[in-house]
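# Descriptive analysis of the structure
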Amino acid sequence: MASEPFKSSFPPVTDAQVRVLVLGSLPGEVSLERQQYYAHPTNQFWRLTGAVVGADLVHLPYEARLKALLEHHVGLWDVIRQARRTGSLDGNIRDHSPNALVDLVAGLPDLKAIAFNGATSATIGCKQLGAETGLAFIALPSSSAAYTRPFDAKLAEWLAMKPFL
């Protein structure tokens with residue numbers, strides 16, 4: 001696995017009006033190929049987030065999805081800047097280096113909550129940010145289809161973001 005090349009995250013999707021920042025771990029293989037957040041067709045991110053903000057994000061073109069997120073005060077990024085990983089599973093992440101989360105958060109004046117998409121994101125992100133941010137931290141079940149909870153069970157937890165929007 002040490003010979004596996006480094007894979008890198010995308011730039012953050014934010015603006016000064018972001019109230020909730022959703023942090024993933026590192027884009028999966030399909031997302032990296034397409035250069036789009038949550039591009040794998042079985043990943044439920046766009047469906048879950050759309051239900052939270054009350055918009056059909058699934059059927060929008062990618063750039064329109066990002067614009068709609070920002071219009072609803074939701075930002076995106078990943079906790080990992082780069083890492084070695086075979087495949088797309090978080091359990092395969094090795095030799096990771098973090099994104100500059102503290103710097104990003106400091107530049108978001110309206111930020112109220114950080115939502116971590118999955119356990120890996122929450123573990124790494126909470127360690128980077130610490131507990132003294134004054135922000136709500138929301139641990140979400142992963143939107144990945146590899147995390148096999150029913151959609152409605154995931155959505156019940158994802159709705160925890162709604163009061164911060």
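Residues numbered from 1 in each chain as written. Predicted model: local features only at pLDDT ≥ 70, side-chain atom pairs only at ≥ 80, totals over all residues. Heavy atoms only, no water.

Helix and strand counts for the protein chain stand at six helices and seven strands. When the elements of the protein chain are put in sequence order from the N terminus, they spell out β-β-α-α-α-β-β-β-α-β-α-β-α. Taken against the 2.2 N^0.38 rule, which gives 15 Å for 165 residues, the C-alpha radius of gyration of the protein chain at 15 Å falls within 12% of a compact globule. C-alpha atoms of the protein chain, sized along the principal axes, occupy 45 × 35 × 30 Å. Look at the contacts in the protein chain between residues 6 or more apart in sequence, and 65% of them connect residues 24 or more apart. Split by element, the accessible area of the protein chain, about 7,900 Å² in all, is 55% carbon and sulfur. (Helix = DSSP H or I, 4+ residues; strand = E, 2+ residues; numbered from the N terminus. Rg over C-alpha atoms; globule rule 2.2 N^0.38 Å. Contact = heavy atoms within 4.5 Å. Areas by Shrake-Rupley, 256 points an atom, 1.4 Å probe, with all protein chains shown as cover.)

Our next topic: the nonpolar core. Counting residues in hydrophobic clusters, the biggest one holds 48 residues, and the most contacted among them are Tyr-37, Trp-46, Leu-76, Ile-114 and Met-161. Not counting the four nearest positions on each side in its chain, Trp-46 is found in contact with Tyr-37, Tyr-38, Leu-57, Val-58, Tyr-62, Arg-65, Leu-66, Leu-69 and Leu-76. (Core = buried A, V, L, I, M, F, W, Y, C linked by side-chain atoms within 4.5 Å. Buried < 20%, exposed > 50% of the residue type's maximum accessible area, 1.4 Å probe, protein only.)

A separate point is the pairing of strand E3 (residues 74–78). E3 sits mainly inside the fold: five of its five residues count as buried. Summarising the sheet, strand E2 (residues 20–24) and E3 pair through five bridges and their orientation is parallel. Residue pairing for E3: Gly-24 is matched across the bridge by Asp-78. (Pairing = 2+ DSSP bridges.)

With that settled, consider the sheet that holds strand E5 (residues 94–98). Strand order in this open sheet of three strands is E1-E4-E5, and the pairing throughout is antiparallel. Two strands close off the open sheet at either side, each with one partner strand: strand E1 (6–8) and E5. Across the sheet, the mean angle separating the axes of adjacent strands is 20° when strand polarity is ignored. Bridge analysis of strand E4 (residues 80–84) against E5 gives three bridges, and the strand direction is antiparallel. Residue Gln-82 lies in a different strand from E5, and its bridge partner there is Ser-97. (Axes fitted to C-alpha atoms, helices over the stretch in contact; angles between N-to-C directions.)

These figures come from the coordinates and say nothing about function on their own.
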